[in-house]
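# Observations on the model geometry
Spelled out from the first residue to the last, the chains are:
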Amino acid sequence: MTPNADIASMIEVLQDHLALAREGKLRSVAVVSVSADGAAIGTQWSCQNADITGLIGKLTVLTHDMMAARK
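Now for a quick tour of the structure. (Residues numbered from 1 in each chain as written. Predicted model: local features only at pLDDT ≥ 70, side-chain atom pairs only at ≥ 80, totals over all residues. Heavy atoms only, no water.)

### Structural notes on the pairing of strand 2 (residues 41-46)
Here is the rule we go by: Between any two strands, at least two bridges found by DSSP are needed for them to pair. Working definition: helices are DSSP H or I runs of at least four residues, strands are E runs of at least two. Numbering for both runs from the N terminus.
Relative to strand 2, strand 1 (residues 29-34) is paired through six bridges, and the arrangement is antiparallel. By the bridge assignment for strand 2, A30 is matched with W45. Hairpin connection from strand 1 to strand 2: six residues lie between these consecutive antiparallel strands, with G38 at a positive phi of about 75°.

Shown next, in the form of structure tokens:
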């Protein structure tokens, strides 16, 4: 993918999730963000209390996978 295609893909995913949230079809959202240079990773989530443990676990696995891919 080209940088422009990568950016368009990210925007499309976010727009899809925003539409689902507006329709009340989501109960939890987790976002993992990595800076363009790969130096910074941030995670944010919004969820029902019962979802927090599962989301943290999934984000932890994803973060480890992303860190391994950087090497």
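### Thoughts on the pattern of salt bridges
Under the convention used in this document: Any Lys or Arg side-chain nitrogen found within 4 Å of a carboxyl oxygen on Asp or Glu counts as a salt bridge.
Within the structure shown, the criterion is met by two salt bridges. Here K25 makes a salt bridge to E23, at a shortest N to O gap of 3.2 Å.

### What to know about helix 1 (residues 3-22)
To keep things clear, this is the line we draw: Here the expected span of a helix is defined as 1.5 Å times the quantity of residues minus one.
Here helix 1 contains 20 residues, and its C-alpha end-to-end distance of 29 Å stays within 8% of the 28 Å for a straight helix at 1.5 Å per residue. Two residues or fewer after helix 1 comes G24, characterised by a positive phi angle close to 75°.

### Notes on a nonpolar patch on the surface
Condition: Residues with no salt bridge and a relative accessible area higher than 30% make up the patches, which join like charges within 9 Å and nonpolar side chains (Val, Leu, Ile, Met, Phe, Trp, Tyr) within 5 Å. Computed by Shrake-Rupley with a 1.4 Å probe, the accessible areas treat only the displayed protein chains as cover when residues are assessed. Think of it in three bands: with a 1.4 Å probe and only protein chains considered, a residue is buried below 20% of the maximum accessible area for its type, exposed above 50%, and partly exposed in between.
A cluster of nonpolar residues, I7, M10 and I11, forms a patch on the protein surface that exposes about 280 Å² of accessible area. Mapped onto the elements, I11 comes out in helix 1. On the accessibility criterion, I11 (42% relative accessible area) is partly exposed.

### Re the environment of L26
The condition that has to hold: What makes two residues a contact is simply this: any of their non-hydrogen atoms within 4.5 Å.
The topology assignment puts L26 in the loop between helix 1 and strand 1. Linking L26 and C47, residues 21 residues apart in sequence, is a C-alpha distance of 9.0 Å. Residue contacts for L26: discarding those within four places in its chain leaves H17, L20 and A21.

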